[in-house]
Amino acid sequence: MRISHPPALRASRTVTDPPTWARLQRELFAAQEEAWRIFAARYTEGDGRLVFRDRVGQGLDGRDGVDDFYEAFFNWPTLYLLGGSDDVLAAARRHWRGVTAQLAEMGMLIDGFERGYDWFHQGEGLLLFYGLCLAEPEDGELRELAARFADLYLPGGPNYDPVHRVIRAPHNGAGGPRWGFADDDVYFPWSLALRPYGLPLDWIDEAASFDDLAADPARARAYGKVMWERMGRGDTIVNLAATSLVANAALLGGEPRHADWVRAYVGAWRERLDGREIVPDNAGLHGVVGEYLDGRWYGGHYGWSWPHGLPPVGTAAIVGATNAALLTGDRSYLELARNPLDAVLREAAPRRPAEVSTITKRWRPHLRELADEPTLLAPMRRDDSGWFDHNVFPTQLPVALWHFSRDAADRERIDRLREGSSWDWTAVHTQRTKEESGHEEPWYEYLAGRNPGYPERMLRSAADTCAERVAAIENDPVDPAVGPDAFGIHDWQDRNPVVTEALLQLTTGSPQVLYNGGLAQMHVRYFDAGRRRPGLPPDVAALVSAIDPERTVIELVNLGGTECSLVVQGGAFAEHRIDTAGADDSPPRPVGGPHVGVRLPARTRVRLTLAMTLHAGRPAAATPPWEVAG
C-alpha cells in the first residue's frame, strides 16, 4: 500500500557531547571545501579548462587522453550530492565545460563526445558527466546531451549493429567504429610501459618477445597488422560499460527505447555465455565468439588475456548486468556478473605475495606486512597456456555486486575471500589510487559488526589523504603557467584532493562507484529540504551502520544551532521502497514509498530504523517531493 503522505520523523534526543565520528565527518566536509579550491586555483583557468600547453591525440597512442582530463574532477559532483557546497557543483560544471572545449580544440571530441576509444577508458572519463546528471537531473542541457550521447549506440546510430547485437569495434564513439588501435601506424608495442603485460596475442606466427618487437620496427609492424585485424574489429566485453551511457539517459528521460537497448545488448552477452563455463570476451561482426581469434573465447581487447584480465572483464560484466537489472527489474541478468568472479575464484589458492607482478599499488600496504606468508591469490588472466598473473582478488567487484543484490550467495563469495586472506581486513590504510577506493574490506567488517572503530579511523584516514593531496599541490614543481606535458596528464588525478569513499560508505551505506564506467549505486540518499537540493544539510552528520534490507540503521546528528529538515531516499534513483520507518525506540510507522522525512531540531540526534524492499520501484533520476519533510 502506498502512503499518500509519508511520515516525517522527528529527533528528540539532545546532543550534549557530539559523537567523535560526527565531528570528524563535518571536519572532512570542511577540509575538502578548502582543498578543491586550492586545486582549481593551481591547475585550472578561468573558463574551467586545465592549464596545459602541450597536445594529446598524436602519435602511436594518439587516441588516449580524453579520460585523463575529466578524471581530475570525477568525484566533485559526488561531494555535492553528499552535502558539499553549491560552489563545488558549479565548479564541477565549469570544469566539465572547459575541459570539453579544450579537448574539442585538440580534435579529441566530436559534438562534445569522444571520437573513439575503448570503454575501459571512456567509462572513466564519463564519471564526471554521470555525476553532474545525478546532481542536476532536471537540467535541460544535461538531459539533451544524455539522450544524444546514448543515440550513438542505439539502432540507427553509428556504433551498434542491431541485427547481430554487437558494438562494431573495440574503439568507438562519436565518430563511429574506429578500426584498429591507432590512426597512422599498425606498430605494436606503442609504449614500453606495456612490457609487464606481455603480448595481446602470443600464438600468432608474427609473435616474438616483447623486447624483440620493441627493438625491431619491421617486426612490430608485422605483428601489429595481425593484431589490428584480429582484435581491432568486432565486439569486446568492456563495451558493456556503454550501457551506463544509455542507462543514464533512461534514468533522466524515462524513454523505453533506452531501457530496451540495455536489455538487448546485455542480453546478447548473456547469450554468449549460455552453454559455456566462462563468459567470453569477444565476438566478431557477425556476433560469433572467437570469429577472428580462431574460435578462442579469450583474446579480445581488454579481455581475459590482455592487459589486465579480471578487473576490466569483471567490472564490465557487473556494470552491464546491474544496469540491465536496475532498468528491467530482472535479477537473472546478475548471473552474467557472477560468472567471471566465480570462474577466477575457482582457480584461487594460497601463494606467496612475492608472486604478485602486475597492478601492485592497490595491495602494497596489505601485502607488505606478510613477507613470505601465503595468502589467497587468484589468476587474473587466461590464454593458451591456461590461467596466469596471480594477484589479490579485486574485492571491490564482489562487494559492488553484493551491495546491489544483497543476496546471501554474493555475501558468501566475499566471506570466502576474507577467510583466505592472511592480512587484516579491519585495517585502514591511508592510501590513494585514482579510483579513490580501496577500503572495501574494513567497511565490510564494520557492517558485519567486527570493526566498531572503523568510522573514526576511516574519516581520519580520508582527512590525512586530503591533506597529503593539498601538500602535493603546494609542492608541485611543474610551472603553474604551463602545466604538465602530454606524459604528465595523470598528475592531476594523483593530486585531486576530493575524497568521497569514506563519505559514501558512512553516510549512504554504499561503496565507491566502479571506476571504469559504473553508475552510482547508493543504499540511501539525502536531500536538504530547507534548501531544496541534494545532500545533507550543513552541520548534519550521518552514519549508516547496517544495510540489511529488513533493518537499515542510520544515525543522524544535527551539530548546529538551528532546526533543519531532510528527506531520506531509498536508493540512488528512488528504486528502493521504504516499507516502515522508526525513530529511536518508537514503533515503526508505515511509509510505502521511497522517501521519508526527518526533522532535526538544533543539537539533536536520532536513530532511524528502516525496513526496505530493494528494487521495488521504477528507478529515475529526479528530485523528491519536498513536502515529505515539511
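Refer to the preceding data block for the structure.
Residues numbered from 1 in each chain as written. Predicted model: local features only at pLDDT ≥ 70, side-chain atom pairs only at ≥ 80, totals over all residues. Heavy atoms only, no water.

Turning our attention to the packing of helix α13 (residues 334-345) against helix α16 (residues 408-420). In contact at an axis separation of 12 Å, α13 and α16 are set at 30 degrees when each is read in the N-to-C sense. With respect to α16, the axis of α13 lies roughly parallel. The interaxial crossing formed by α13 with α16 has left-handed handedness. Contacts between α13 and α16 pair Arg-338, Leu-341, Asp-342 and Leu-345 from the former with Asp-410, Arg-413, Arg-416 and Leu-417 from the latter. For the contact of α13 with α16, the class distribution of residues is three nonpolar, no polar and five charged. (Axes fitted to C-alpha atoms, helices over the stretch in contact; angles between N-to-C directions. Helix = DSSP H or I, 4+ residues; strand = E, 2+ residues; numbered from the N terminus. Parallel < 35°, antiparallel > 145°, perpendicular 65-115°, else oblique. Left-handed = near helix turned anticlockwise from the far one by under 90°. Contact = heavy atoms within 4.5 Å. Nonpolar A, V, L, I, M, F, W, Y, C, P; charged D, E, K, R; others polar.)

Attention shifts here to the sheet that holds strand β12 (residues 524-528). Pairing in this open sheet of five strands is mixed, and the strands run β1-β19-β16-β12-β13 from one edge to the other. A strand with exactly one partner marks an edge of an open sheet, and here the two such strands are β1 (8-10) and β13 (533-534). Pairing analysis gives three bridges linking β1 to strand β19 (residues 595-600), with the strands arranged parallel. The residue of β19 that forms the bridge with Leu-9 is Val-598. (Pairing = 2+ DSSP bridges.)

Another aspect to go through is the sheet that holds strand β11 (residues 386-391). Read from one edge to the other, the open sheet built from three strands follows the order β9-β10-β11, with strand pairing classed as antiparallel. The sheet is open, and its two edges are formed by β9 (349-351) and β11, each paired on a single side. Pairs of neighbouring strands in the sheet enclose a mean axial angle of 60 degrees, with direction left out of account. As judged from the five bridges shared by strand β10 (residues 375-383) and β11, these two strands associate in the antiparallel manner. The residue bridging Arg-382 from the neighbouring strand is Trp-387, located in β11.

A few words on unusual backbone geometry. With an omega of 10 degrees, the peptide bond running from Phe-188 to Pro-189 counts as cis. Residue Trp-306 is joined to Pro-307 through a cis peptide bond whose omega torsion reads -5 degrees. Tracing the backbone shows Pro-307 in the loop between β8 (282-283) and α12 (310-328). In this model, Tyr-302 sits at a positive phi of 55 degrees, which is unusual for a non-glycine residue. Relative to the assigned elements, Tyr-302 resides in the loop between β8 and α12. Note on Tyr-302: relative accessible area 10%, which makes it buried. (Buried < 20%, exposed > 50% of the residue type's maximum accessible area, 1.4 Å probe, protein only.)

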